[in-house]
Amino acid sequence: MTQRFSTDVLIIGGGAAGLSAALHLAAHARVTVLCKDGMDAASSTWAQGGIAAVTDPSDSLQSHVADTLDAGAGLCDPDIVRFTVENAAAAIEELVRLGVQFDAESNHYHLTREGGHSFRRVLHVADATGRAIIETLTERVLDHPNIDLLPDRVAIDLINLSKFTRHANRCAGAYVLNRSTGHVEVFQARFVILATGGASKVYLYTSNPDSSTGDGIAMAWRAGCRIANMEFNQFHPTCLYHPHAKSFLISEAVRGEGGLLLLPDGDRFMQRFDSRLELAPRDIVARAIDHEMKRLGADCVYLDISHRPKSFIEAHFPTIASRCFELGIDMTREPIPVVPAAHYTCGGVLVDRYGLTDLPGLYAIGEVSCTGLHGANRLASNSLLECLVFARSAATQVRERLHDPMPEVAVPKWDESQVTDSDEDVVIAHNWDELRRFMWDYVGIVRTDKRLQRAQRRLDLLRQEIHEYYSHYRVSNDLIELRNLVHVAELIVRSALSRQESRGLHFNLDHPESLARAEDTILFPGFSDRLDVLRPVAS
Ligand SMILES: Cc1cc2nc3c(=O)[nH]c(=O)nc-3n(C[C@H](O)[C@H](O)[C@H](O)COP(=O)(O)OP(=O)(O)OC[C@H]3O[C@@H](n4cnc5c(N)ncnc54)[C@H](O)[C@@H]3O)c2cc1C
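Structural notes on the overall build of the protein
Then, number 1: Scanning the protein from N- to C-terminus turns up 15 helices and 20 strands.
Then, number 2: In summary, the protein has a C-alpha radius of gyration of 22 Å against a globular reference of 24 Å for 539 residues, a match within 12%.
Then, number 3: With the C-alpha coordinates of the protein rotated into their principal frame, the extents come out at 65 × 50 × 50 Å.
Then, number 4: For the protein, the residues scored as buried account for 61% of the 539 residues in total.
Then, number 5: Nonlocal contacts in the protein, meaning residues at least 24 apart in sequence, comprise 74% of its contacts between residues at least 6 apart.
Then, number 6: Of the roughly 21200 Å² of accessible surface on the protein, a fraction of 49% belongs to carbon and sulfur atoms.
Then, number 7: Each charge class in the protein can be summarised by its mean position, and for the 55 positive and 71 negative side chains these summaries are 3 Å apart.

What about the state of the cysteines?
Chemically, a disulfide is nothing more than a covalent bond linking the sulfur atoms of two cysteines.
Then, number 1: Scanning the model with the defined rule gives zero disulfides in all.
Then, number 2: For the unlinked cysteine Cys35, the closest cysteine sulfur is that of Cys387, found at 15 Å.
Then, number 3: The class of Cys35 is buried, set by a relative accessible area of 14%.
Then, number 4: Cys225 takes part in no disulfide bond, and the closest cysteine sulfur, belonging to Cys171, lies 8.0 Å away.

What to know about helix α9 (residues 282–296)
Then, number 1: Taking 1.5 Å per residue, 15 residues should reach 21 Å; α9 reaches 21 Å between its end C-alpha atoms and fits that length.
Then, number 2: For α9, every residue scored as buried is listed here: Arg282, Asp283, Val285, Ala286, Ala288, Ile289, Asp290, Glu292 and Met293.
Then, number 3: Directly beyond the C-terminal end of α9, a positive phi value near 65° is found at Gly297.

A look at the pattern of salt bridges
Then, number 1: According to the stated counting rule, one finds 37 salt bridges in the structure shown.
Then, number 2: The salt bridge involving Arg153 is made with Glu185; its shortest N-O contact spans 2.8 Å. On the criterion of sequence distance, the pair formed by Arg153 in strand β9 (residues 153–160) and Glu185 in strand β11 (residues 184–194) is long-range, its members being 32 residues apart.
Then, number 3: By relative accessible area, Arg153 is classed as buried at 13%.
Then, number 4: The residue Arg295 makes a salt bridge to Glu292 at a minimum N-O spacing of 2.7 Å. Linking Arg295 with Glu292, this pair stays in helix α9, spanning three residues, or about one helical turn.
Then, number 5: What makes Arg295 partly exposed here is its relative accessible area of 47%.
Then, number 6: Salt bridges here are not isolated pairs; linked through shared partners, they connect Glu231, Arg499, Glu501 and Arg503.

Topic: the sheet that holds strand β12 (residues 227–228)
Two modes of strand pairing occur in sheets, parallel and antiparallel, and in both the strands are linked by backbone hydrogen bonds.
Then, number 1: With mixed pairing, the four strands of this open sheet are ordered in space as β19-β17-β12-β20. Each edge of the sheet is formed by a strand with only one pairing partner; in this case those strands are β19 (369–370) and β20 (522–523).
Then, number 2: Here β12 runs beside strand β17 (residues 348–350); their pairing, made up of two bridges, is antiparallel. Considered in β17, the bridge of Ile227 is made with Val349.
Then, number 3: Packed on one face of the sheet, helix α7 (residues 215–222) meets β12, β17 and β20 and runs near 40° to β17.

What counts, and at which threshold
- Residues numbered from 1 in each chain as written.
- Predicted model: local features only at pLDDT ≥ 70, side-chain atom pairs only at ≥ 80, totals over all residues.
- Heavy atoms only, no water.
- Helix = DSSP H or I, 4+ residues; strand = E, 2+ residues; numbered from the N terminus.
- Rg over C-alpha atoms; globule rule 2.2 N^0.38 Å.
- Buried < 20%, exposed > 50% of the residue type's maximum accessible area, 1.4 Å probe, protein only.
- Contact = heavy atoms within 4.5 Å.
- Areas by Shrake-Rupley, 256 points an atom, 1.4 Å probe, with all protein chains shown as cover.
- Lys, Arg positive; Asp, Glu negative; His and termini not counted.
- Charge placed at Lys NZ, Arg CZ, Asp CG, Glu CD.
- Disulfide = S-S within 2.5 Å.
- Expected span 1.5 Å × (residues − 1).
- Salt bridge = Lys/Arg side-chain N within 4 Å of Asp/Glu carboxyl O.
- Pairing = 2+ DSSP bridges.
- Axes fitted to C-alpha atoms, helices over the stretch in contact; angles between N-to-C directions.

Pasting the structure below:
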């Protein structure tokens, strides 16, 4: 028996974007927020550095706009950049009103500087900014009688009414796996907001939590939305390199406060790559490290801030210092071993300034979306800001449309009559590993046409295998994620192959120069027939 739920607004994702949209809407509508797990399954919780916003009188909006455009390498939408930067102060005020206490000294916010920023403009809560924000937003959400926050739910696919009737092309909810019961539930809603985060888990090494499997991007694509700029994957230059540390980031703020990058023999090397040295934009630093590691056959490089006073390091980086210490590294006395890792998905579901997608009724906000803010490369600490600004603008539009007439269509239940329990879970585990490894090797920091084509051929095989598996066996968390990862990987490879130049985060040795004209890569769902493997539903 399929369980059915009905709500005004269904928000899929409980990170900074999803929770703040819920709070903007709750006074006007019944809101349901779904997430895979607790707070730690959201990248937002893991954000260390902070949020970029102009709050110091010596800084200016124009400078924040110029830095964002500069990082974006010609592909940012200047109107969206201005819109985001101009709304940053209001987003910060809202967080403060809700109870977030940013670090401050004598009535001024303490501001850090990160790569690509011309000024110190990053507000933070020590080195655990995301956790402070998510804890506060979660408390407010749990207190609100109009919001249901449901963990242990994995959205499988969006409900596009056009699949069941010729008259209505509209998103009306989602099919969702309840991980506790193992059953698929139907959530119907007047509006759906995707806030599922990024897709960095498509790579072997990543700074992201396990939930970053690109589910929202894959679901929107299958539901008929355009997807843009998927070739621009940001690799964070400095993840901790240690056999027992999974996905632990060493914040860019460590370099902002004077941290130096060193080769295993102790030599600095950034002067050979960029005049901004350790504070060059992330793509340049990540490529420089990748280059040096490959040149020397080294497993890692080192980040050294031990020349700063112990008390300063412990006050500014308590989380990083204590995690390193647990693993036997005393960052106040010795360099930290680091490697680059997949960190941020600049592309995503194409939306307008209200987060509206191509499918009526469906919005996408936060890392799942492509708003035009980041262009070919994200400026550090602009992403939490984007979550907050677009959560508010999407909520404003949803509120205005809440009472619009909606088509009444009976949504069929999830059909499990043709499937059985899997007897070969090893296939899923093996395909997960294979996919993430070849994406790292062939579609990583430095690309070539040949490597991309090789990845495409492997993807063709994997897609068929997973399609078959998906058609015959009951869905599980891992199968849902793997299916999405394959679709997202395919979108990345197709986008990368179609860009015949190097720009921002996309670097291809066969096309090392940028073309004179910068253009977005936009994939139209027309070619989705090969990807569209939605499980048939029967009424
Ligand atoms: C280690 C790290 C450090 C960072 N530091 C900074 C920083 O200092 N400043 C900055 O601006 N940015 C930073 N970022 C980037 C920033 O944190 C993210 O871009 C941003 O938090 C994304 O927020 P989001 O709400 O879009 O997604 P997330 O916070 O990732 O939340 C996604 C949510 O969707 C849920 N979900 C996913 N798929 C499904 C599904 N199928 N069904 C149901 N729920 C689903 C997840 O469970 C989760 O609740 C950092 C990222 C990382 C990983």
